[in-house]
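Tertiary structure, described
Below, each chain spelled out in residue letters.
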Amino acid sequence: MERTAFEPFGEQLASAPEPQPKSRASKLLLRAGTTLFWSLVAGIVLARAAFFEPGVYDGFSRVASLAKSLIF
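Cut-offs and rules
- Residues numbered from 1 in each chain as written.
- Predicted model: local features only at pLDDT ≥ 70, side-chain atom pairs only at ≥ 80, totals over all residues.
- Heavy atoms only, no water.
- Helix = DSSP H or I, 4+ residues; strand = E, 2+ residues; numbered from the N terminus.
- Buried < 20%, exposed > 50% of the residue type's maximum accessible area, 1.4 Å probe, protein only.
- Areas by Shrake-Rupley, 256 points an atom, 1.4 Å probe, with all protein chains shown as cover.
- Phe/Tyr/Trp six-rings, centres within 6.5 Å; stacked < 30°, edge-to-face > 60°.

Each helix and strand counted, the chain has 2 helices and 0 strands in total. Looking at the chain as a whole, 0% of its 72 residues qualify as buried. Here the chain has roughly 7500 Å² of accessible surface; of this, 66% comes from carbon and sulfur atoms.

This is the structure we're talking about:
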């Protein structure tokens, strides 16, 4: 006997057909895309860490305090 699946709000879910097995090319593309994405993430994080300057926003705080003094 087949079990009927329900979603959290009580609606009956239609039974989905079995997914087709992924081809070898599809798995390879997925792996390559994932590797490329995480390589770019790591590169961006490392670049930001290498070129980080702690005082880069000091000029903005001076402009913001000047604007605040002019407004208020």
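So, next bit.
Below, the discussion takes up the packing of aromatic side chains. Throughout the structure, instances matching the rule amount to 1 aromatic pair. Relative to W38, the ring of F37 lies with its centre 4.9 Å away and its plane at 75 degrees, an arrangement referred to as edge-to-face. Given a relative accessible area of 47%, F37 falls into the partly exposed group. In this structure W38 comes out as exposed when scored by relative accessible area, which is 51%.

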